[in-house]
Amino acid sequence: MKKPIFLSMALLLSLGTSLAFAQESVNETKDARSDGYVRINVVRGEIEVVGWDKNEVSVVGSLDESMDEFIFDVKGKETVVAVKLPQRLNSWCCEQETSLVIKVPKKSNVTISLVSAEAEVSNIHGGLELGGVSGELKVEKVSDRVRVTNISGEVTLREVDGRARVKTISGDIVASEISGPGVFSSVSGSIVVSKSNDELDLESVSGDIEVTRSMVSSIRANSVSGDVELDAEMLEGASVECDTMSGSVRISLGGKIDARFDVQTGSGRIRNRITGDKPKKSKYVRDETLRFSVGSGKGEVIASSGSGDITLNK
């Protein structure tokens, strides 16, 4: 007769454990200022943050099974949305992580802090600061100041109107349709920029740098061991500087070219397909240099490589 009692107790314990780790859902909406500040903090999972025309903040989705506390608070101009986990987390015990869709007034200033989480952010026009550790981050249709940092996940930007600053350690940076100054840097990730029409400052230690279909007023692209490739049209008086220590440099210029050129490589070759000017070779070392002008020389193009080839195209 004792066996059924033990079985019943085991079932109750099992049920209690399941309930303890059951995933909670949320569907809440609160009034908020149209130009307020929204702070979002999620440790793990995925979130989508969307700007809308309502003066409300809406949070819909499911919360982490190991959640310690869920915060959704509005005080004056500040809104806080946070999913807090215990300081000591037994990762083996739970599989269901946070998954939220958060809608905010589109002119809000938004700050998002993530750890092991992915994020998609769109239609925010009051400024955005987004930081992550290991998840992929996507930003689209945003304006004002945009600042994104990530450790190992890829960062994608599209349709940014304003000053953009992105920094990663090992994640790639992919940016397109950037209307404003851009500062992008990565340690080992590549940087790809297309359809930019303002100043660009690009730097990678070991990743490649590529700029295509852009109109630039100023661009500086520097890589230690990666290749640098530029396919763009220079605005009047524009400045272009591309350099790498051990990679190659390829510059293709469209439209009317009016610039001075200063090109140098330590042990590679220079190929000039813009004019008939030929590079000069040193007598005792393997370096090549090339200096020439096109038009009145209002703009400036500087290209250098320690050991790679440099190609100039039009």
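These remarks concern the structure in this document.

A look at empty space enclosed by the protein
What the rule picks out here adds up to 1 cavity of 30 Å³ or more. What the largest cavity holds in volume is close to 40 Å³. Every residue along the wall of the largest cavity is listed here: A32, R33, G36, Y37, V38, V57, K77, T79, P105 and S108. Tallied by class, residues from the lining of the largest cavity come to 5 nonpolar, 3 polar and 2 charged.

A closer look at a nonpolar patch on the surface
Together, V115, V133, I151, I169, V187, V205, V224 and M245 give the surface a local cluster of nonpolar side chains, amounting to about 610 Å² of exposed area. Examined against the element boundaries, I169 turns out to sit in the loop between β12 (164-168) and β13 (173-179).

What to know about the pattern of salt bridges
Where charged atoms from two side chains of opposite charge come close, those side chains can pair. Overall, the coordinates contain 16 salt bridges when judged by the stated rule. A salt bridge links R158 to E140; the nearest nitrogen and oxygen atoms lie 2.6 Å apart. With R158 in strand β11 (residues 155-161) and E140 in strand β9 (residues 137-143), this residue pair connects regions lying 18 residues apart in the sequence. Owing to a relative accessible area of 30%, E140 belongs among the partly exposed residues under this scheme. Between E288 and K281 there is a salt bridge, with its nearest N and O atoms 3.9 Å apart. You can call K281 exposed: its relative accessible area is 65%.

Section: the pairing of strand β23 (residues 288-294)
Each regular strand displays side chains that alternate between the two surfaces of the sheet. Extensive coverage of β23 is indicated by the burial of 5 of its 7 residues. Pairing of strand β20 (residues 259-265) with β23, which is carried by 7 bridges, proceeds in the antiparallel orientation. Among the inter-strand pairings, V263 is bridged to a residue of β23, identified as L290. Of the strand pairs in this sheet, strand β22 (residues 280-281) and β23 are connected by 2 bridges, and their pairing is antiparallel.

Criteria and cut-off values
- Residues numbered from 1 in each chain as written.
- Predicted model: local features only at pLDDT ≥ 70, side-chain atom pairs only at ≥ 80, totals over all residues.
- Heavy atoms only, no water.
- 1 Å grid on protein atoms, 1.4 Å probe; cavity = no way out; pocket = protein on both sides within 12 Å on 5 of 7 lines; lining within 4 Å.
- Points joined across faces, edges and corners; volume = space filled by probe spheres on them.
- Nonpolar A, V, L, I, M, F, W, Y, C, P; charged D, E, K, R; others polar.
- Patch = residues over 30% accessible without salt bridge, like charges linked within 9 Å, V, L, I, M, F, W, Y side chains within 5 Å.
- Areas by Shrake-Rupley, 256 points an atom, 1.4 Å probe, with all protein chains shown as cover.
- Salt bridge = Lys/Arg side-chain N within 4 Å of Asp/Glu carboxyl O.
- Helix = DSSP H or I, 4+ residues; strand = E, 2+ residues; numbered from the N terminus.
- Buried < 20%, exposed > 50% of the residue type's maximum accessible area, 1.4 Å probe, protein only.
- Pairing = 2+ DSSP bridges.

By themselves, these are just geometric observations and shouldn't be taken as functional.
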